[in-house]
Amino acid sequence: MRRPVGVLSAALVLAGSLFAFQRGYGNIRRLFPDTGNDSPPPGSQEKTEFYFARLRYPNIRASGIWAMRGSWTVDYPKADRQFLQGLVRLTRIHANPMERVVDLIGDEIFNYPFVYVVEPGHWDLPDSQARKLREFIDRGGFLFTDDFHGTFEWELFTASLNKAFADRPIVDIEDDDPIFHVLYDLDHRMQVPGIVNYPFQRTFEYDGIEPKWRAWRDAKGRIAIGICFNMDQGDAWEWADNPHYPEKYASQAYRTAINYILYAMTH
Amino acid sequence: MFEFLFNYPLAVYQKGTFVFSSGWPAAALAAGLLAMAALLAWLFRRRRLPVKRTLALAAIEWSLLALLLLLLWRPALSVTVLKPQQNVIAVVVDTSRSMALEQRYRQALALYEERLGGDLKKRFPVRLYQAGEAPARVDRLPAEPAAQRTDLGAALRHIASESSLLPVGAVVLLTDGADNGGNLGPETIEALRRARIPVHAVGFGSERITQDIEILDADLPARVLPSSRLLLTATLRQSGFRGRTARLTVRDGDRVLAQRDVRLPADGETWRETLSLNAGGAGVKTLDIAVQPMEGETNPRNNRVERLVDVRGRKPRILYFEGEPRWEMKFLRRAVEEDPQLDLTSIVRTTENRFYRQGIRSPQELERGLPSTVGELFAFQALIIGNVEAGYFTPVQQNLIREFADRRGGGVLFLGGRAALGDGGWQRSPVAEMLPVSLPDRKGAFRRQPATVELTRAGAESLLLRIEEDPEKNAARWKALPYLADYQETGQPKPGATVLAEAIPGVRLRHPLLVTQNYGRGRVAVLATGGTWRWQMAQDARDQSHEIFWQQLLRWLAGAVEEHVTLLATRQTYSGGEAAVIRAEVRDRNYLPATSAVVSVHLLGPGGIRDTIELAPARGEPGVYEARWRAPRPGAYLAEAIAREGLEELGRDTVTFRREDGSEEFFRTEQDRRLLERLAQQTGGRYYRPSETGDLVKEIELSEAGITVRETRPVWNAPAAFLLLAGLKTFEWLVRRRWGAV
């Protein structure tokens, strides 16, 4: 009985959100305009130690409002490149200024031990791709998930993930975990909103009211999948240079991702 | 025959000097020979024969006359001989257990009792000795050879020392020469030579083993970390089973650790077999190394040996300093985490001014990065220097890195990287001296380009790079490894360095990848890449190549590092009569030789044996202390040394050794003829087979030891001289008839 009620509530919330989104989106795009500059940044040909790899995945076949959302290309490539500028400036990581795109079809992903995935709340991994993701993790890869919100997207996220990762649970990360202290001490974290929340009186989307820093840990207890749920680091990176996006969120998003990358490179 | 023709045995000719007993001057003989030559030339001048024939006949005539003239001068031999009944002859009989083989002892006993003893006693007083564990004078020889050891050297030295009080004329040694006492060295030979005592050796037993497989030696490290892979090298020899297959097995109790079927090579050939095995859990282990006896084998007791291995449950600490976050560090850490015997502490510079430390024991540890003091840095057993410029470290730190290997005896590994090795300016630092390669003095040696890896011959043989037990499979596995993410040119390896693996970035390109060398008391290695992580990411998650590689490399780097006290016994096995030599090397808090330490050693042995001894400083070796200790009974012994300086304990260490009685007698059992011949030749004696001892008593007389007299023995009357005269005359007659010159 509980489940239908929950789904109904989520649907109502989503419908409300969609209405608000449609009304305000035009204004938001004017404040946060696409630059349209996708040409490779200087230095992208250099061979480096670290590459920011973005996962290309198949989307769920959705209808209605869900068909409008969810794609591996969200915030791409500006978010990645703008984040990489910060990564190079703030750390000693020898990082390439341009992202790379990988998928779970070929074996190219194994050359990139750190992989970022946006909006996995809409992915639909076939069994073979789920198994390859598990192999990637088992070999030592790290997956950083971001920008998915609320019950519905969580369900979709875990539906694919559980095809290969059901043997261990997804858990909340404790505040004293090294991932929050590798470089920056992130004891006090806030919800990082997407620009859809402009002017940011509200920071959540759908019913994803509370930000959750979760993880799937490997057999040794190391975080192998860092799950940033109910928050949108990608938007924070993408619009960190925009005065309409609050600096405090951008700052935390940078710090979180830097910590996650440093953790991935040391654990 | 020789004696019939020449009046005396060959030895008399060898030892004597020629003289003319007529007393006429030798110059007159020479003048006579010349005069005869002139006379013959004058007489033959008018012969109508061809020149060559004339000369031949003249030569025969001259030889005849010359021989007659020589005999008129009465040639003789002047020799030094023992005075009868005034010199003692020492007869030394080997009574060790190896003499029981092939009835050697019975043959020796028969020779002595039935012939040799009686003949000797007619001319000399005879003293009988037995050479076994310790020399002993006896009146009668034992019925069976039962000595656990053969110490011929001790017996000969004993006789040489007696010669100062007793006129010892010669030594007759009845033995198989299978000496295992270790005292038959130059000192013993010199003692015999000083006393001028010739040793006449009679050798018993086959000179080559027959129908036998023997383990001559088994070599393996005495101390290892738990679960380490260790290499056992067995040296074997066989005869009579060529082409057949024998099974070589290494056991720890009932557990088989390694096994191999070996195809036996040519008879008499010595060969080596190497087996790699896992040391297992902590504790002192007695490994049994055995070859299954073959059907019809004559001596199966030399088919097995035992070796002690001290598997130490310690956990060496390794400090890894990384100049920037790299994947190599993550995957190296993961590989080491799988190894319960390694304790890795790492520091990485995450930003210009921040470190991230892992594996530290307190929040304060390594707060400022790489330590600048002996106390902090030398607490580790190994050091890994990652992608960091030499200039990042202070001169004090750079010197400390060098001292870490040189003085402390630690292991240091340098990794490749864009700021490492030559690109990091290490070639201009004090550390350059310790590196196993001469780094190129330029930037750009580091390349983020794929490179495959190939083992060198040394690498293929080394356990360090053994991912698979079988060497061939191992080489194939290395070839199949994914390429490295990067490589770095290291420059040329230094003399004494060993290149174990090479990076191959392209056709006709190859660079040293893993190079090792010893430096001072420690070990140094260069692994010129930061890209082995691909071996983990580009292979199946279950593949263990990357983990095994790093675990073995770091165990090699840190596993053999010694602390303030290093205790050792000079051998693993001692026999009953020997004292174990126990030595301790003691270093103070700064790892300098501790010259004022007090070193106590507690010994535990079988049946509750307990003893405590104090080691004394070794002469000429600062910081070394030693003592000799005789194990009271066969079995395994454990010694623990505790070194103190004042009230402060500097450290402690343990060592194990065994006392084994008699087992040596079943190894190298063939007659060591070369040893006996050398012994006889160096002392002025002779080697005899038992069947050739007829002249032994006569030859014994020809000695310069003891109480001697000079004798002149005529040789002019030897039948050989007259036969030669008759032969020359007959030859001349036959020649003349043939040439019609009669």
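Note that the structure is predicted; figures quoted are calculated from it, not measured.

*Asks:* Even after reading the chapter, I still don't get the overall build of chain B, so can you show me in this structure?
*Replies:* When you go through chain B residue by residue, the secondary structure sums to 17 helices and 38 strands. A globule of 742 residues ought to have a C-alpha radius of gyration of about 27 Å, yet chain B, at 37 Å, is considerably larger. Taking all 742 residues of chain B together, the buried fraction comes to 42%. Residue pairs in contact within chain B that sit at least 24 positions apart in sequence constitute 75% of those at least 6 positions apart.

*Asks:* Explanation requested: the overall build of chain A in the structure shown.
*Replies:* Counting secondary structure elements, chain A contains six helices and seven strands. Secondary structure of chain A in N-to-C order comes out as α-β-α-β-β-α-β-α-β-β-β-α-α. Taking all 267 residues of chain A together, 45% fall into the buried category. Pairs at least 24 residues apart make up 79% of the contacts formed inside chain A by residues separated by at least 6 positions.

*Asks:* Before we go on, may I ask you to explain the sheet that holds strand β2 (residues 75-82) of chain B in this structure?
*Replies:* Through backbone hydrogen bonds, the strands of a sheet pair up, either in parallel or in antiparallel fashion. Residues and elements named next belong to chain B. Taking strand neighbours across the sheet as the criterion, the three strands line up as β1-β2-β38 in an open arrangement whose pairing is antiparallel. Both edges of this open sheet fall to β1 (17-20) and β38 (708-714), since each of them pairs with a single strand only. For this sheet, the mean inter-axis angle between neighbouring strands, taken without regard to orientation, is 35°. Bridge count between β2 and β38: seven bridges; the pairing is antiparallel. Bridging from a neighbouring strand, Leu-77 pairs with Arg-713 of β38.

*Asks:* I'm lost on the nonpolar core in this one. Help?
*Replies:* Across soluble globular proteins, you tend to see nonpolar side chains buried next to one another. Grouped together as the largest cluster of nonpolar side chains are 151 residues, with contacts concentrated most on Val-115 and Ile-261 of chain A together with Ile-318 and Val-412 of chain B. It is helix α6 (residues 247-264) of chain A that contributes the most residues to this core, eleven residues altogether. Sequence-distant contacts of Ile-261 of chain A, that is, excluding residues within four places in its chain, are made with Leu-87, Ile-93 and Phe-114 of chain A. In this structure, Ala-131, Ala-170, Ala-201 and Leu-679 of chain B belong to the second largest nonpolar core, which totals 45 residues.

*Asks:* Any chance you could explain the interface of chain B and chain A here in plain terms?
*Replies:* The extent of an interface is frequently quoted as the accessible surface area lost upon association of the parts. If you look at the interface, chain B gives 23 residues, while chain A gives 21 residues. Secondary structure elements with two or more residues in the side of chain B that touches chain A: α8 (327-337), β17 (343-349), β18 (355-358) and α13 (533-537) of chain B. Among the residues making up the side of chain B that touches chain A, the classes are represented as nine nonpolar, four polar and ten charged.

*Asks:* What should I look at first to understand the confidence of the model for chain B in this one?
*Replies:* Fine structural detail should not be taken from predicted coordinates in areas where pLDDT scores are low. Looking at chain B as a whole, the pLDDT averages 92, with 100% of positions reaching at least 70. Both scores are available for the predicted complex, with the pTM at 0.76 and the ipTM at 0.91.

*Asks:* Sorry, what's going on with unusual backbone geometry here?
*Replies:* When glycine is set aside, most residues are seen to have a negative phi, and most peptide bonds are trans. Following Tyr-76 of chain A, the chain continues into Pro-77 of chain A via a peptide bond in cis, with omega recorded as 0°. Among the structural elements, Pro-77 of chain A can be located in the loop between β1 (53-56) and α2 (78-90). In this structure, Ser-227 of chain B takes a positive phi of about 60° despite not being glycine. Taking the C-beta count within 10 Å as the criterion, Ser-227 of chain B has 16 such neighbours and is therefore assigned partly exposed.

*Asks:* Hey, could you run me through the sheet that holds strand β3 (residues 88-94) of chain B in this one?
*Replies:* Residues and elements named next belong to chain B. Read from one edge to the other, the open sheet built from six strands follows the order β5-β4-β3-β6-β7-β37, with strand pairing classed as mixed. Looking at strand neighbours, the two that pair on one side only are β5 (136-138) and β37 (687-688), the edges of this open sheet. Sheet topology note: the β3/strand β6 (residues 168-175) ladder contains six bridges and is parallel. For Val-88, the partnering residue across the bridge sits in β6 and is Val-168. Its contacts with the sheet place helix α6 (residues 152-162) against β3, β4 (126-131), β6 and β7 (199-203), and it is angled at close to 165° to β6.

*Asks:* Is there a simple way to think about the packing of helix α4 (residues 51-72) of chain B against helix α17 (residues 719-739) of chain B in this case?
*Replies:* How two helices sit against one another is set out by the angle between their axes and by the gap between those axes. Residues and elements named next belong to chain B. It is the contact of α4 with α17, at a shortest axis distance of 10 Å, that shows an interaxial angle of 160°. With respect to α17, the axis of α4 lies roughly antiparallel. In the packing of α4 onto α17, the handedness of the crossing is left-handed. Contacts from Arg-53, Leu-57, Ile-60, Glu-61, Ser-63, Leu-64, Leu-67 and Leu-71 of α4 reach α17 at Ala-721, Leu-724, Leu-725, Leu-728, Lys-729, Phe-731, Glu-732, Val-735 and Trp-739. Residue composition of the contact of α4 with α17, by class: twelve nonpolar, one polar and four charged.

*Asks:* Sorry if this is basic, but what is going on with the domain arrangement of chain B here?
*Replies:* When cut into domains, chain B gives domain 1 (2-81 + 712-739), domain 2 (84-206 + 671-706), domain 3 (212-311), domain 4 (317-559) and domain 5 (565-664). In this structure, domain 4 of chain B and domain 5 of chain B have C-alpha centres spaced 35 Å apart.

*Asks:* I would appreciate a short explanation of the pairing of strand β6 (residues 212-217) of chain A in the present structure.
*Replies:* Along any regular strand, the residues point their side chains to alternate faces of the sheet. All names here are of chain A. Summarising the sheet, strand β5 (residues 170-172) and β6 pair through three bridges and their orientation is antiparallel. Note on β6: the bridge partner recorded for Asp-172 is Arg-214. With six bridges joining them, β6 and strand β7 (residues 223-229) adopt antiparallel strand pairing. For Arg-217, the partnering residue across the bridge sits in β7 and is Ile-223. Between β6 and β7, which pair antiparallel one after the other, the connecting turn spans five residues, and Gly-221 there sits at a positive phi close to 85°.

*Asks:* Would you mind showing me how to read α4 of chain B here?
*Replies:* Counted at 1.5 Å a residue, the expected span for α4 of chain B with its 22 residues is 32 Å, and the 31 Å between its end C-alpha atoms agrees. Of the residues flanking the end of α4 of chain B, it is Arg-74 of chain B, one or two places downstream, whose phi is positive at about 55°.

*Asks:* So what exactly am I meant to see when it comes to the environment of Asp-217 of chain B here?
*Replies:* Along the chain, the position of Asp-217 of chain B falls in strand β8 (residues 212-219). In the structure, Asp-217 of chain B is positioned 134 residues away from Thr-351 of chain B in sequence and 56 Å away in space, judged by C-alpha atoms.

*Asks:* Would you mind going over helix α15 (residues 673-683) of chain B with me for this structure?
*Replies:* Each α-helix turn comprises 3.6 residues. Residues three or four places apart therefore point the same way. Residues and elements named next belong to chain B. Taken residue by residue, α15 has Leu-676, Leu-679, Ala-680 and Thr-683 as its buried positions. Seen along its axis, α15 keeps its buried residues to an arc of 95°; they face one direction. Tucked into the core, α15 has its buried residues touching α7 (186-194), β7 and β37. Where α15 ends, the next residue or the one after it, Gly-684, has phi of about 90°, a positive value.

*Asks:* Would you explain the packing of α6 of chain B against α7 of chain B in this entry?
*Replies:* Residues and elements named next belong to chain B. Viewed as axis vectors pointing N to C, α6 and α7 meet at an angle of 30°, and their least axial separation amounts to 9 Å. In terms of axis orientation, α6 runs roughly parallel to α7. The hand of the α6/α7 crossing is left-handed. Contacts between α6 and α7 involve Gly-153, Leu-156, Arg-157 and Ala-160 on the former and, on the latter, Thr-188, Ala-191 and Leu-192. Partitioning the contact of α6 with α7 into residue classes produces four nonpolar, two polar and one charged.

Rules behind the numbers
- Numbering of residues starts from 1 in each chain and follows the order in which that chain's sequence is written.
- Written order determines the labels here, with chains lettered from A and ligands numbered from 1.
- For this predicted model, a pLDDT threshold of at least 70 governs which residues receive local features, and a threshold of 80 or more governs which side-chain atom pairs are given and counted, while totals over whole chains, interfaces and linings are taken from all residues.
- Helical segments are the DSSP runs of H or I of at least four residues, strand segments are the runs of E of at least two, and each set is numbered from the N terminus.
- As defined in this context, the radius of gyration uses C-alpha atoms, and a globule is described by 2.2 Å times the residue total to the power 0.38.
- For the exposure call, what matters is how many other C-beta atoms sit within 10 Å of a residue's own: 20 or more marks it buried, 12 or fewer exposed, and in between partly exposed, using C-beta atoms placed from the backbone.
- Once C-beta atoms have been placed from the backbone, residue pairs whose C-beta atoms lie within 7 Å are recorded as contacts.
- Here a strand pair is declared whenever DSSP counts at least two bridges between the two strands.
- Note on geometry: axes are lines fitted to C-alpha atoms, helical ones only across the stretch in contact, with angles between N-to-C directions running from 0 to 180 degrees.
- Structurally, a nonpolar core is described as a collection of buried Ala, Val, Leu, Ile, Met, Phe, Trp, Tyr and Cys residues joined by way of C-beta atoms within 7 Å.
- For this classification, Asp, Glu, Lys and Arg are treated as charged, while Ala, Val, Leu, Ile, Met, Phe, Trp, Tyr, Cys and Pro are nonpolar and the rest, including Gly, are polar.
- Confidence of the predictor at the level of single residues is captured by pLDDT, which takes values from 0 to 100.
- Roughly parallel means an angle under 35 degrees; roughly antiparallel, over 145; roughly perpendicular, 65 to 115; everything else is oblique.
- For any pair of crossing helices, the crossing counts as left-handed if the nearer helix is rotated counterclockwise from the farther one by less than a right angle, and right-handed if it is rotated clockwise.
- Domains are outlined according to an automatic or database domain assignment.
- Take the residue count of a helix, subtract one, and multiply by 1.5 Å to get its expected span.
- The directions considered for the arc run from the helix axis to the C-beta atoms.

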